[in-house]
Amino acid sequence: MAGTEPYESALDSIPGAHPYPRTSRYHDAEIGVHRRADGTEVRYTKRRLLPPLEEETEPHTVGAGERPDLLGQRFLGDPGQWWRIADANPVLDPRELTDEAGHVIGIPLAGGFPRGERRV
């Protein structure tokens, strides 16, 4: 469509708008602005630090062939939520979660509800 502003420009016109959806691990990350020598502004996502390991989890024994995205779908209902499982475990690379069958990892509880109180 001619005359339509680019996505970034549209975001600039909405106070408090954020370029990442609420389900993204970067949703709460701060957006920085770098000004080039020619005055052009470049937006970027500032570093995201891992949250403290405080979230309640339930143990899961990794089976052969499991992947972080499959665990996200199975336990959290969205393969894109694999990052919540990675954040709940002390790993830097999400592949470390499932690279060894028989390894026990923590799965964050969906919606923050304890196992017995969770509604499906």
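Residues numbered from 1 in each chain as written. Predicted model: local features only at pLDDT ≥ 70, side-chain atom pairs only at ≥ 80, totals over all residues. Heavy atoms only, no water.

J.: Whenever I open this one, the overall build of the protein chain confuses me. Can you help?
T.: Along the protein chain, the regular secondary structure elements total 3 helices and 4 strands. The linear arrangement of helices and strands in the protein chain, starting from the amino end, is α-β-β-β-α-α-β. Within the protein chain, the proportion of its 120 residues that are buried is 25%. Surface exposure of the protein chain reaches about 8,800 Å², of which carbon and sulfur atoms provide 52%. (Helix = DSSP H or I, 4+ residues; strand = E, 2+ residues; numbered from the N terminus. Buried < 20%, exposed > 50% of the residue type's maximum accessible area, 1.4 Å probe, protein only. Areas by Shrake-Rupley, 256 points an atom, 1.4 Å probe, with all protein chains shown as cover.)

J.: Would you take a moment to explain the nonpolar core for this structure?
T.: Across soluble globular proteins, nonpolar side chains have a tendency to be buried as a group. Core analysis: the biggest nonpolar cluster contains 10 residues, these being Val62, Leu71, Phe75, Leu76, Ile85, Ala86, Val91, Leu97, Ile105 and Ile107. For this core, the elements supplying multiple residues, two or more each, are helix 2 (68-76), helix 3 (82-87) and strand 4 (104-108). Looking at this core element by element, the count peaks at 3 residues for helix 2. Setting aside its immediate chain neighbours within four residues, Ala86 contacts Val91, Pro94 and Leu97. (Core = buried A, V, L, I, M, F, W, Y, C linked by side-chain atoms within 4.5 Å. Contact = heavy atoms within 4.5 Å.)

J.: Explanation requested: the environment of Arg67 in the structure shown.
T.: Tracing the backbone through its elements, the reader meets Arg67 in the loop between strand 3 (57-61) and helix 2. With relative accessibility at 43%, the residue Arg67 sits in the partly exposed group. With 12 residues separating them along the chain, Arg67 and Pro79 place their C-alpha atoms 9.8 Å apart.

J.: Explain the environment of Gly80 to me, please; I cannot follow it from the model alone.
T.: On the secondary structure map, Gly80 appears in the loop between helix 2 and helix 3. The class for Gly80 is partly exposed, based on a relative accessible area of 34%. Considering only alpha carbons, one finds Gly80 and Leu70, 10 residues apart in sequence, at a separation of 9.2 Å.

J.: Hey, could you run me through helix 2 in this one?
T.: An α-helix turns once every 3.6 residues. As a result, residues three or four positions apart point the same way. Taken as a whole, helix 2 has its buried residues at Pro68, Leu71, Gly72, Phe75 and Leu76. Along the long axis of helix 2, the arc covered by the buried residues comes to 105°, so they all point the same way. Buried-residue contacts for helix 2 involve strand 3, helix 3 and strand 4. Positive backbone phi, at 80°, marks Gly77, one or two positions downstream of helix 2. (Arc of directions from axis to C-beta.)

J.: Any chance you could explain the environment of Gly63 here in plain terms?
T.: Mapped onto the secondary structure, Gly63 falls in the loop between strand 3 and helix 2. We classify Gly63 as partly exposed; its relative accessible area is 26%. C-alpha separation for the pair Gly63 and Thr98, spaced 35 residues apart in sequence, amounts to 7.8 Å.

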